[in-house]
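Each chain is listed here by its residues.
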Amino acid sequence: MNLDILKECKEAKRIGISGHIRPDGDCVGSVLGLQMYLRKCIPGAEVKVFLEKPADIFREIRGFDEIDTQFPEQEPFDVFFALDSGAERLGEAEKYFRAAKKTINIDHHISNSGSGNLNYIKPEVGSTSELIYDLIDLDKLDRDMAMAIYIGIIHDTGVFQYSNTTPETMEKGAKLIGYGFDFARLIQETFYQKTYVQTQIMGRALMESIRFMDNTCIVSMVDRKTMDFYDVTAKDLEGIVNQLRNIKGISCAIFMYETDVLEYKVSLRSDEKVNVAEVAAYFGGGGHARAAGCTMRGTFHDCVNNLSLHIAEQMDI
Ligand code: 5GP
Ligand code: MN
């Protein structure tokens, strides 16, 4: 199905946009990129963004300071967009989605079956930001919009490294950097750079990791106490699972952090031998074949045992 965003918003006076809880670069980039586009093309409409507070590294994207992180009561929106997730992962913004007169869901997660009146779900495309690029009139693209979309693409493709990068992704990236923003600095400051404590807690998680299943899988966990000790939040733990996956011989990496008593947020990364989207879906989560996540309850050992059963099934062990 093709989606004509501007046609769908033609009569709209109030438009809302949101993305998933714990917003990542793709979520922030696509949401703010779409906001800039709609404001430019439909100057008569009010276009608002609602998100959980994103990491400060994204503050340079236009619209960042205007993001509503409080989710106050609102009149129903004429059109409400869910980006990079289905309705069920919108968190507090889900109420706006449910009440809106028209809902549009744009996503690239294979686990999303489409929760809008209109759905544009393309699991074969590497990022939602790339989908926004595909859906906009490129004559309207400007430097700020290009930067937002570019940041989204680099975050979900690991700076054009992961297998979700296609020749088309690279061509779009080339066109985007043509707008003249300092892409090298943005890659460094939003993707690679870490604070000292972020590096310390990563070091600790790597130190304490355990390999299992003939050293083809690895798991590491950070508990609440350790997070409190380093004074970090979930945002500071990003990147640990990728580092675990970089280890030679590892087909599946698991990183977990404690969210509550006997509750863990689980991140999964894999190579072509394991489809972690299927593993995560089994526990009520989702994501992509090689990067997925879920929330699990139970002791750390129970969680790892349950995960490894499903991983082993796929690896024929
Ligand atoms: P991460 O491990 O970086 O948090 O997430 C990896 C991928 O899995 C992302 O595409 C993310 O959106 C997805 N994901 C992570 N956790 C969940 C979850 O609990 N539910 C669903 N549906 N997707 C998730
Ligand atoms: Mn994404």
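Each remark here, short or long, concerns the structure printed above.
Quick look at the structure, then. Everything numeric in this text was worked out from a predicted model, so none of it was measured.

A look at helix 12 (residues 300-315)
The first and last C-alpha atoms of helix 12 sit 22 Å apart over 16 residues, in line with the 22 Å expected at 1.5 Å per residue. All of the buried residues along helix 12 are Phe300, Cys303, Val304, Leu307, Ser308, His310, Ile311, Ala312 and Met315. Packed against the buried residues of helix 12 are strand 6 (210-212), strand 7 (217-222), strand 8 (252-260), strand 9 (263-270), helix 11 (276-282) and strand 11 (291-297). The first or second residue beyond helix 12 is Asp316, which carries a positive phi of 60°.

Digging into unusual backbone geometry
Backbone geometry places Phe71, a non-glycine residue, at a positive phi of 55°. In this structure, Phe71 sits in the loop between strand 2 (46-50) and strand 3 (79-83). Assessed through its relative accessible area of 6%, Phe71 is described here as buried. One non-glycine residue, Asp214, lies in positive phi territory at about 55°. Looking at where Asp214 falls in the secondary structure, it is placed in the loop between strand 6 and strand 7. In this structure Asp214 comes out as exposed when scored by relative accessible area, which is 72%.

Section: the coordination of the manganese ion (ligand 2)
For the manganese ion (ligand 2), the full set of protein donor atoms is Asp26 (OD), Asp84 (OD), His108 (NE2) and Asp156 (OD), at a range of 2.1 to 2.4 Å. In the primary sequence, the donor residues of the manganese ion (ligand 2) line up as D-x57-D-x23-H-x47-D. With a gap of 24 residues between them, Asp84 in the loop between strand 3 and helix 3 (94-99) and His108 in the loop between strand 4 (102-107) and strand 5 (118-121) connect regions that are remote in the sequence.

Rules used in this analysis
- Along each chain, residues carry numbers from 1 onward, in the same order as the chain's sequence is written.
- Here the convention is simple: chains get letters from A, ligands get numbers from 1, in the order in which they are written.
- Predicted model: local features are reported for residues with pLDDT of at least 70 only, side-chain atom pairs are reported and counted for 80 or more only, and whole-chain, interface and lining totals are derived from all residues.
- With hydrogens and water set aside, each side-chain value is computed from the structure's full complement of heavy atoms.
- Runs of H or I in DSSP of at least four residues are treated as helices and runs of E of at least two as strands, each being numbered from the N terminus.
- A helix is expected to span 1.5 Å multiplied by its residue count minus one.
- Here's how the labels work: a residue is buried when its accessible area is under 20% of the maximum for its type, exposed when over 50%, partly exposed in between, all with a 1.4 Å probe on protein chains only.
- It only takes one pair of heavy atoms within 4.5 Å for two residues to be counted as in contact.
- Metal coordination here is assigned from N, O and S atoms located within 2.8 Å of the ion, or within 3.2 Å for Na, K and Ca; omission of water means that sites may look incomplete.

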